[in-house]
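# Breakdown of the fold
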Amino acid sequence: MRILFLFLDGVGLGDDDPSTNPFAAADLPTLTRFTQGRRWLRDLPVIESRRAVFIPTDACLGVAGKPQSATGQATIMTGINVPMAIGRHYGPKPNPEIAEIVTRQSVVRVLAECGRSAALLNAYPSQYIASLGLGRRLPSSNQLALQVGGVGFRDGQALLDGRALSADFTGEMWRLHAARHDAASKVRRARPLHPDTPIITPEEAGRLLGRLAREQDFTFFDTWLTDYLGHRGTMAQAIRLLQAIDRVMAGLLEAWDDSEGLIVLTSDHGNLEALGERGHTRNPVPTLVIGDASHEFAHALTDLTGFAPAIRRMLCA
């Protein structure tokens, strides 16, 4: 049994309004295949099929205010209702109180203790990795949970070697950043650049995710661009990203053996589904679990506290 955990930051189930909600406008045939052809909107119920379970998932956790990244991610990665424990939603990065909970209760740490392997497939610039190591940057709750479980960060060379993926899946973001950086200044060369980053299709990215996920028991990939566009993006950009994610899923499903493991897709809070708000929402977030054991994993999962116990149950029982 293995689990590939796809984290889509800042994605909720919102209104059927194509002027503000890209999920109401985008063409997403792969994702909607698992919801009986219905768009991922607020009125969706739990939908079960032989292959998968779709669950509208509570991200508010009984705490007033809008859910935030640090507490939401910490809840996913520990199974603890972190906003309830600290008395508020908090983010984007974990404060010492949240960091202590994640360090102590990380599900990835539990996996390591029971002999299971784990990996993070995101590629990060070497300077960013160094800044984390020196304490100049704070990790996200997701990153911290992986770090305390012994998971290392993959750099630009790993991206070039096909051992990691960029946050946009295709590599375009890395190449575009390098081109802009070169044009801006020849002096700012301390930051590693990768203008030769190979550009792959979303389908190829999905197949690569599937292949790399076979190398360990638990694999994590973080798509933070969904939250970024929820705060700063346009409808056209959001639709383009969602349709690319849909194509990634199509490629991943081609490479995935349902009998070998599970694909788990979810988020920490709403945002992208309400572009007019320019902030987080209290909407439920989508959870999609694919694989022969999907119903066992999804049993009793209703809010963000349900993921870590299910991961432990599937991989450490």
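Residues numbered from 1 in each chain as written. Predicted model: local features only at pLDDT ≥ 70, side-chain atom pairs only at ≥ 80, totals over all residues. Heavy atoms only, no water.

Looking at where Asn21 falls in the secondary structure, it is placed in the loop between β1 (2–8) and α1 (29–32). Engagement of the side chain of Asn21 in a polar contact is seen with the backbone nitrogen of Phe23, the distance being 2.9 Å. With sequence-adjacent residues up to four places away left out, Asn21 is seen in contact with Gly14, Asp15, Leu41, Met235 and Glu273. (Helix = DSSP H or I, 4+ residues; strand = E, 2+ residues; numbered from the N terminus. Polar contact = N/O pair within 3.5 Å; in protein donor to acceptor, adjacent residues only side chain to side chain. Contact = heavy atoms within 4.5 Å.)

Here the amide bond leading from Gly91 into Pro92 is cis, since omega sits at 15°, within 30 degrees of zero. Position of Pro92 relative to the elements: it lies in the loop between α3 (82–86) and α4 (96–105). Phi is positive for Gln36, close to 55°, though the residue is something other than glycine. Among the secondary structure elements, Gln36 is positioned in the loop between α1 and β2 (47–48).

Attention now moves to the sheet that holds β2. If you trace the seven strands from one edge of the open sheet to the other, you get β2-β3-β7-β6-β1-β5-β4, paired in mixed fashion. Looking at which strands have only one partner, the edges of the open sheet turn out to be β2 and β4 (118–120). The sheet contact formed by β2 and strand β3 (residues 52–57) spans two bridges and is antiparallel. In the strand pairing of β3, Ile47 is matched with Phe54. Helix α14 (residues 307–316) rests against β1, β3, β5 (218–223), β6 (261–266) and β7 (285–290) of the sheet, and its axis sits at about 160° to β1. (Pairing = 2+ DSSP bridges. Axes fitted to C-alpha atoms, helices over the stretch in contact; angles between N-to-C directions.)

Note on strand geometry: in a regular strand, side chains alternate between the two faces of the sheet. Across the six residues of β5, six count as buried, placing the element largely inside the fold. Of the two faces of β5, the one holding Phe218, Phe220 and Asp222 and the one holding Thr219, Phe221 and Thr223 are both buried throughout. Of the strand pairs in this sheet, β1 and β5 are connected by six bridges, and their pairing is parallel. Bridging from a neighbouring strand, Leu4 pairs with Thr219 of β5. (Buried < 20%, exposed > 50% of the residue type's maximum accessible area, 1.4 Å probe, protein only.)

Nonpolar side chains tend to gather and get buried jointly when the protein is soluble and globular. In this structure, Leu6, Trp40 and Leu209 are the most contacted members of the largest nonpolar core, which totals 46 residues. Listed by contribution, the elements that provide at least two residues to this core are β1, β3, α10 (202–213), α11 (225–232), α12 (235–255), β6 and β7. For this core, the element with the most residues is α12, which contributes 10 residues. Counting 45 residues, the second-largest nonpolar core is a separate cluster that includes Val53, Phe220, Phe297 and Ala310. (Core = buried A, V, L, I, M, F, W, Y, C linked by side-chain atoms within 4.5 Å.)

Along the polypeptide, Arg240 turns up in helix α12. For Arg240, a relative accessible area of 56% corresponds to the exposed category. Note: C-alpha distance between Arg240 and Pro22 (218 residues apart in sequence) is 9.2 Å. Of the polar contacts made by the side chain of Arg240, one reaches the side chain of Glu172; its length is 3.1 Å.

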